[in-house]
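# Remarks on the overall topology
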Amino acid sequence: MRSVTYSMSISLDGYIVGPDGGLDWSTPDEDVFRFWIDEIRGVGVHLMGRRLYETMLYWETADQDPSPDDPTREWTSLWKPLPKVVFSTSLSTVQGNARLVSGGLAEEIERLRAEPGEGDIAIGGATLAAEAAASGLIDEYQLMVYPVLVGGGIPFFPQRERRVDLELVETRTFSSRVVYLRYRVAR
């Protein structure tokens, strides 16, 4: 069965977006970006909410830049064909290799798990991940922890009163002091 992974960059104080909506603190350096390129190769479908979808729209045309660097070209070549499922009640259309869904996250995940296919089911975005976590559907948490305290914003972890035991599977420290943590849900 395909695993469901929740991966995002996170501040040391636990936020994926700062209080002003900014992400400037999480711009990856070359090593971190190369890591994400390698990670996306293992994804079979990416689930996201409207905000993350709108942020990631940049990658649908990044290869049209007059002089994209090699990592940008490589990421774009992997991202554009990747099937994406966008959960939104406010969007009426989506672009690229994406389809729009207005509800039923648990049903969508179960359908994707039952389909033949390779690669993980990735979830991006705290709101969508909170819904999946509340239903016990997340198998792994992958955090790219940046050495910054942003003081508020959108938290990585859902604010639920539910204990979830985790097993540390992998760690990695980058030269930029960013730390990657990968945890599997203990079942």
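Residues numbered from 1 in each chain as written. Predicted model: local features only at pLDDT ≥ 70, side-chain atom pairs only at ≥ 80, totals over all residues. Heavy atoms only, no water.

A few words now on the overall build of the protein chain. When helices and strands are tallied, the protein chain shows five helices and 10 strands. Computed over its C-alpha atoms, the radius of gyration of the protein chain comes to 16 Å, within 12% of the 16 Å expected for a compact globule of 187 residues. For the protein chain, the C-alpha atoms occupy an extent of roughly 45 × 35 × 30 Å along the three principal directions. Every one of the 187 residues in the protein chain was classed for burial, and the buried ones make up 45%. Intrachain contacts of the protein chain at a sequence separation of at least 6 include 71% that bridge at least 24 residues. When the accessible surface of the protein chain is split by element, carbon and sulfur atoms take 49% of a total near 9900 Å². With 19 positive and 28 negative side-chain charges, the protein chain shows a separation of 4 Å between the mean positions of the two kinds. (Helix = DSSP H or I, 4+ residues; strand = E, 2+ residues; numbered from the N terminus. Rg over C-alpha atoms; globule rule 2.2 N^0.38 Å. Buried < 20%, exposed > 50% of the residue type's maximum accessible area, 1.4 Å probe, protein only. Contact = heavy atoms within 4.5 Å. Areas by Shrake-Rupley, 256 points an atom, 1.4 Å probe, with all protein chains shown as cover. Lys, Arg positive; Asp, Glu negative; His and termini not counted. Charge placed at Lys NZ, Arg CZ, Asp CG, Glu CD.)

Here we come to helix α1 (residues 30–40). Residues of α1 that are buried: Val32, Phe33, Phe35, Trp36, Ile37 and Ile40. The inward-facing, buried residues of α1 abut β1 (4–11), β3 (43–49), α3 (70–79), β7 (140–146), β9 (166–173) and β10 (179–185). The backbone nitrogen of Asp31 lies 3.2 Å from a side-chain oxygen of the residue at the head of α1, namely Asp29. (Polar contact = N/O pair within 3.5 Å; in protein donor to acceptor, adjacent residues only side chain to side chain.)

Turning our attention to the sheet that holds β3. Ordered in space as β5-β4-β3-β6-β1-β7-β10-β9, the eight strands form an open sheet in which the pairing is mixed. Whereas interior strands pair on both sides, the edge strands pair on one side only; in this sheet they are β5 (98–101) and β9. Averaged over all pairs of adjacent strands, the angle between their axes in this sheet comes to 20°, without regard to strand direction. With five bridges joining them, β3 and strand β6 (residues 120–124) adopt parallel strand pairing. Note that in β6 the partner of Val43 across the bridge is Asp120. Packed onto the sheet, α1 meets β1, β3, β7, β9 and β10 and runs at close to 165° relative to β7. (Pairing = 2+ DSSP bridges. Axes fitted to C-alpha atoms, helices over the stretch in contact; angles between N-to-C directions.)

Looking now at the pattern of salt bridges. Enumeration according to the criterion identifies 16 salt bridges in this entry. Of the charged contacts in the structure, one is a salt bridge between Glu54 and Arg50, with a shortest N-O distance of 2.8 Å. Here Arg50 and Glu54 lie together in helix α2 (residues 50–56), a separation of four residues that amounts to about one turn. Each member of the salt-bridge network shares a partner with another, and the members are Arg34, Asp38, Arg41 and Glu74. (Salt bridge = Lys/Arg side-chain N within 4 Å of Asp/Glu carboxyl O.)

The next point concerns the pairing of β3. Burial analysis of β3 places seven of its seven residues in the buried class, which makes it a mostly covered element. Examined bridge by bridge, β3 and strand β4 (residues 84–87) share four bridges and lie parallel to one another. Within β4, the position partnered with His46 by the bridge is Lys84.

Another aspect to go through is α3. Taken together, the buried positions of α3 are Pro71, Thr72, Trp75, Thr76 and Trp79. Buried residues in α3, looked at end-on, bunch into an arc of 130°, giving them a common side. (Arc of directions from axis to C-beta.)

This next bit is on the packing of aromatic side chains. In total, this model carries 14 aromatic pairs according to the counting rule given. Ring geometry for Phe35 and Trp36: centres 5.9 Å apart, planes at 70°, overall edge-to-face. For the pair Phe35 and Trp36, one class covers both residues: buried. Both rings, one in Phe35 and one in Phe174, keep their centres 5.6 Å apart while their planes meet at 80°; by these two values the pair is edge-to-face. Of this pair, Phe35 sits in helix α1 while Phe174 sits in the loop between β9 and β10, and the two are 139 residues apart along the sequence. For the residue pair Phe35 and Phe174, the accessibility class agrees, reading buried in each case. Each residue in the set Phe33, Tyr58, Trp59, Trp75 and Trp79 is aromatic and connected to the rest through ring pairs, giving one cluster. Seen from the ring of Trp79, Lys84 lies directly overhead, with NZ or CZ sitting 5.0 Å from the centre. (Phe/Tyr/Trp six-rings, centres within 6.5 Å; stacked < 30°, edge-to-face > 60°. Lys NZ or Arg CZ within 6 Å of the ring centre and 35° of its normal.)

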